Structures are given as C-alpha cells and as structure tokens.
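As a plain string of letters, each chain reads:
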Amino acid sequence: MNFALTDEQRLLQQTAREFVQRVCPPRRAKEWDEGHVMPPELFAGIVELGWSALPFPTEVGGAGAGALETSIVVEELAHASFDVAMCLVSTLTPGLTILEWAAEPMRSALVADVIEGRQRLATGISEPDAGSDVGSLTTTAIRDGDEFVVNGTKMWCTGAGLPNTLITAYVRTDPSATGRRGISVLLIDPTSEGVQLVKIPTLARHILGTYEVVLADVRVPADRLIGQLDEGWSVLLSGLDLERVLITAGYVGAAQATLDEAVAYARQREQFGKPIGDFQAISHALADLHTEIAAARFLTRHAAWLHSQGEEIGVAGAMAKLYASETYVKCARWGMQVMAGYGFSTESVMSFRWRESIVATISGGTSQMQRNAIARSLGFRTR
Ligand SMILES: Cc1cc2nc3c(=O)[nH]c(=O)nc-3n(C[C@H](O)[C@H](O)[C@H](O)COP(=O)(O)OP(=O)(O)OC[C@H]3O[C@@H](n4cnc5c(N)ncnc54)[C@H](O)[C@@H]3O)c2cc1C
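Given the structure is predicted, the values throughout are model-derived calculations rather than measurements. (Residues numbered from 1 in each chain as written. Predicted model: local features only at pLDDT ≥ 70, side-chain atom pairs only at ≥ 80, totals over all residues. Heavy atoms only, no water.)

This part covers the overall build of the chain. Looking only at helices and strands, the chain features 11 helices and 10 strands. Compactness check: the chain gives a C-alpha radius of gyration of 21 Å against a globular reference of 21 Å for 383 residues, within 12% of the reference. In the chain, which comprises 383 residues, the share counted as buried stands at 52%. Of the contacts made within the chain by residues no fewer than 6 positions apart, 73% connect residues no fewer than 24 positions apart. Counting every atom, the chain has about 17,100 Å² of accessible surface; 54% of that belongs to carbon and sulfur. Computed over 33 positive and 44 negative side-chain charges, the inter-centroid distance for the chain is 6 Å. (Helix = DSSP H or I, 4+ residues; strand = E, 2+ residues; numbered from the N terminus. Rg over C-alpha atoms; globule rule 2.2 N^0.38 Å. Buried < 20%, exposed > 50% of the residue type's maximum accessible area, 1.4 Å probe, protein only. Contact = heavy atoms within 4.5 Å. Areas by Shrake-Rupley, 256 points an atom, 1.4 Å probe, with all protein chains shown as cover. Lys, Arg positive; Asp, Glu negative; His and termini not counted. Charge placed at Lys NZ, Arg CZ, Asp CG, Glu CD.)

Okay, structure coming up:
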C-alpha cells in the first residue's frame, strides 16, 4: 500500500480544491444551508468536471476511477461542507447499485442519465421504526399485475425533494418474512400519485434536505425492481463499502476545513498581547486535532485501498467511519472553543460546522453501530 498520491490524483485534488474556492467557499455553503437552497451551479459544476462519472466503468461511459480517486474529490468538496460533498455521493452510491443490479434497458438508460447529470438519486432505507435496525423495515410492496402497490413511510431520505430525483426504496415484498428476508429494492418516482414528501426540520444538511416520504397505495411498475425479488439485503450490502469510504472521506475533509479555520483564527486573534495560538492550551489542542485528522485520513485511504483491491472493507470501514466522524465533531467542538464568542455568533462559519458536525456520528450508521461491528471482530456478541 502506497500512501503517496500520483500526479493524476494530485491534479484531481487541486481541481476540486479550486472548485470549492470558486463555486462553493464555506461561507457560501453556509448561506445555502441557511436558505435551504440547492443552487443549480453546484451540481451542474460537479457534472461538468466529470465527477458524476468518476466511479462508473468506462464501458458505460464512466471515468473508471477507483474508490481512492473518488474519495479525494469528496474530501475536497467537504471543505465547503459535508452536505456539499453529499450532493455528489448521495447520487453516486445508488447509481452504482443500479449499475450492478438493475435489468436492461433501465440500467443503461439510468446510468447514462446519472453520469450526464440528468438524473439524481436518493436512498430510502430508514423508516420511523427502523433506524439502526434496518431489518425491521415494514414498508410493503405487494404485486398487482404489472405493478407493485407500495404502502409505508420512509424517513430521512436525503435529497428526495430535489428535481429529477428517483428513490431507491427498500421495501418488504414478502410481508410474511422478517429481518433480512423478503426485502426488495424498487425505484420510486416521488412525483407519483400517492407519494407525499415532508421536509424534516433539522439543525443542518439543508442544501440537499432530508425528507419523510409517505407512500400510500403508490403504484410502481414491476420493471422498476432492482435486483432479484426478495433479495434486497444483498443489494443493500453490495453498496455499503464504497458508500462508507466516500462519506468517511467527507468527514475527513470537513474536519480538515474546520481545523484550518480554527488555526487561522488562533494565529490572528490576540489576547494578553499575543496570538491565542501561542497559549499552549490552544496550540496543543489544535496539534492533537491535526494528528487525529491525519489518522482519520490514513484509515479512510486504507479502506479505499482495500476496496480498490476488490476486498471487503469490513472492520476497516467501520473504524474509518467511526474515527473520521468523531474527529469532525471534535474539531467543530474545539473550533467553537477557540473562536469563543465569535464562534457562538451564527455569523461565523464555525457555528455552521458545529451544527453540521453533530450528525456525523448518526447518519450513515451511528458510532455505536460502528463500535458493534468492531467489537464483533474481537469476538464479542453485540446482538
Ligand atoms: C441528516 C441525516 C441524513 C440521513 N440520510 C438518510 C438517507 O438518505 N437514507 C436513509 O435511509 N436513512 C438516512 N438517514 C437515517 C440514518 O441512517 C439513521 O438516522 C441512523 O441509521 C440511526 O437511526 P435512528 O436515527 O433511527 O436511531 P436509532 O437506531 O433509533 O438509535 C438511537 C440510539 O440507539 C443506539 N443504538 C441502536 N441500536 C443499537 C445497538 N444495537 N447497540 C448500541 N446502540 C444502539 C444508536 O446508536 C443511537 O445512539 C439519515 C439520518 C440523518 C440524521
């Protein structure tokens, strides 16, 4: 395993860095968040640079990039905000699920639309009573002729309310089955009759928005099934590894930007006749965070490397997600302490980092669930 980036990877990183400065500097991302705005230039710019094609194979018009290259872009985008990075990730991961599992001709058409930026995707797994315990989901899809009739409620569906978005919804096609059995994946158009989207008021993540999706007798054509009937659990697992690498890279980028902002402030803010960063109480805290971000990045790149070797990332992914998300929270917490009164003012970008960071240890699998996975590798029973 070689941690040095190639010239191509550095160029990708530099391009993404410049994109953030030009299109979505953190203060602008904060304004979009406050205004609940997904500006068209953000996703259009991402598509124009070819990033919506990154992890797709060249045979289908993709860039054929690996997990590491894609995560480099995601890490840089997250310097604007984690939500900005999710503008790319939240469509890429279900897009790859469609690539792997959908039947033709839907597969080719949808993958081309995702690559070209005409189609956005959202993921509907969680429900009001099914969070960490995904296998307890109860939304049903009952076959009726050439259609499924879907009833239930999905929760926290990120980006479901944006234009041109389809939801990859995990539903129970065998209502007599429990747990991981009898689940299938259906592609649901949120503009269909019987779908009601309710934007959930949240502390942050307002650019994409998170939605409750109420499904009442929604008729979905049977050819919108992704993967085999009742085999949705395999579909779910197949996309988890790359998703974990990418969101973890997002936490690393957001943590790095948060630390950079705290360091810049500690250098220029003076008290008692010198920069506050010269007080060891401040500089040591920042030095620790600097170290922790480096560790989080190594864990993330290790997981990306495993993925690119065709291996399951398993515990390495859980460790990376756990550590990077908690590091982001810690950076924002310390950033508030370093900026003190100014940080507490909602004018500061740090106040936005703090609001956004707090959910890092929840969405994408909570810290407790990551610890459970790690503990299982030590031989402990966690269920
Ligand atoms: C901003 C945001 C975006 C999201 N985006 C999406 C999305 O796009 N699609 C989607 O499907 N979902 C999405 N989610 C849902 C997310 O995956 C869940 O919030 C997460 O899995 C936790 O579920 P929960 O909130 O219901 O908490 P619960 O599962 O109810 O957990 C509550 C608490 O109990 C702990 N706990 C639960 N079980 C165990 C256990 N076995 N051992 C130890 N502790 C346990 C948890 O760690 C947590 O601290 C999103 C959530 C948020 C907040």
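Owing to its 3.6 residues per turn, the α-helix brings residues three or four apart onto one side. Taken as a whole, helix α11 (residues 367-377) has its buried residues at S367, Q370, I374 and A375. Projected down its long axis, α11 shows its buried positions confined to an angular sector of 140°, all on one face. For α11, the secondary structure elements touched by its buried residues are α7 (232-268) and α9 (314-344). Phi turns positive, to about 95°, at G379, one or two residues after α11. (Arc of directions from axis to C-beta.)

Below, the discussion takes up helix α1 (residues 7-23). Over its 17 residues, α1 extends 24 Å from the first C-alpha to the last, a length consistent with the 24 Å expected when each residue adds 1.5 Å. Within α1, burial applies to Q9, L12, Q13, A16, F19, V20 and V23. End-on view of α1: buried residues confined to an arc of 120°, all on one side of the axis. Projecting away from the buried face of α1 at angles above 90 degrees are the exposed residues D7, L11, Q21 and R22. Lining the buried residues of α1 we find α2 (26-35), α3 (40-48), α4 (67-77) and α8 (280-308). (Expected span 1.5 Å × (residues − 1).)

What follows is about a nonpolar patch on the surface. A grouping of M1, F3 and F298 is seen on the molecular surface, where their side chains present a nonpolar patch of about 310 Å² in accessible area. Note that F298 resides in helix α8. By relative accessible area, F298 is classed as partly exposed at 45%. (Patch = residues over 30% accessible without salt bridge, like charges linked within 9 Å, V, L, I, M, F, W, Y side chains within 5 Å. Salt bridge = Lys/Arg side-chain N within 4 Å of Asp/Glu carboxyl O.)

Attention now moves to the site of the ligand. Around the ligand, the surrounding shell holds 19 residues, and the nearest of these are S132, W156, T158, T366 and Q368. Within the backbone of I125, a nitrogen or oxygen atom sits 2.8 Å from an oxygen atom of the ligand. In the model, a nitrogen atom of the ligand is placed 2.9 Å from a nitrogen or oxygen of the W156 main chain. Compared with its free state, where it exposes 970 Å², the ligand has 64% of that area covered by protein. Residues belonging to the shell around the ligand are distributed by class as follows: 6 nonpolar, 12 polar and 1 charged. Per-domain counts for the shell around the ligand show at least three residues from each of domain 2 (121-230) and domain 3 (234-377). (Near = heavy atom within 4 Å. Polar contact = N/O pair within 3.5 Å; in protein donor to acceptor, adjacent residues only side chain to side chain. Nonpolar A, V, L, I, M, F, W, Y, C, P; charged D, E, K, R; others polar. Domains from an automatic or database assignment.)

Overall, the coordinates contain 5 aromatic pairs when judged by the stated rule. Here F82 and Y251 contribute two aromatic rings whose centre-to-centre distance is 4.4 Å and whose plane-to-plane angle is 10°, an arrangement assigned as stacked. Taken as a pair, F82 in helix α5 (residues 82-101) and Y251 in helix α7 lie far apart in primary sequence, 169 residues in all. In this structure, F82 and Y251 share a single accessibility class: buried. Here the aromatic rings of Y265 and Y342 are separated by 6.1 Å at their centres, their planes lie at 10°, and the arrangement is stacked. (Phe/Tyr/Trp six-rings, centres within 6.5 Å; stacked < 30°, edge-to-face > 60°.)

This paragraph deals with the pattern of salt bridges. Within this structure, the stated rule accounts for 14 salt bridges. The shortest N-O distance in the salt bridge between R355 and D33 comes to 2.8 Å. Here R355, found in helix α10 (residues 349-357), pairs with D33, found in helix α2; they are 322 residues apart in sequence, far enough to count as distant. The salt bridge partner of K330 is E292, with a shortest N-O separation of 2.9 Å. Remark: E292 occurs in helix α8 and K330 occurs in helix α9; sequence separation between them is 38 residues. The network of salt bridges with common partners includes E75, R297 and R301.

Bringing the nonpolar core into the picture now. Of all hydrophobic cores here, the largest spans 94 residues; its most connected members are L42, W51 and L77. Beyond its immediate chain neighbours, meaning those up to four positions away, W51 contacts L12, T15, A16, F19, I46, V73, L77, L88 and L92. Membership of the second largest hydrophobic core comes to 19 residues, among which are A169, V171, I188 and V213. (Core = buried A, V, L, I, M, F, W, Y, C linked by side-chain atoms within 4.5 Å.)

Right, let's talk about the domain arrangement of the chain for a bit. Here the domain parsing of the chain yields domain 1 (7-120), domain 2 (121-230) and domain 3 (234-377). Relative to domain 2, the C-alpha centre of domain 1 lies at a distance of 23 Å. Of the roughly 2,000 Å² buried at the junction of domain 1 and domain 2 (both faces included), carbon and sulfur atoms supply 65%. At the junction of domain 1 and domain 2, the tally comes to 1 salt bridge. For the salt bridge of R205 with D83, the shortest nitrogen-to-oxygen distance reads 4.0 Å. Inspection of the region where domain 1 meets domain 2 yields 10 residue pairs in polar contact (both at pLDDT 80 or more). (Buried area = accessible area lost by both parts, 1.4 Å probe.)

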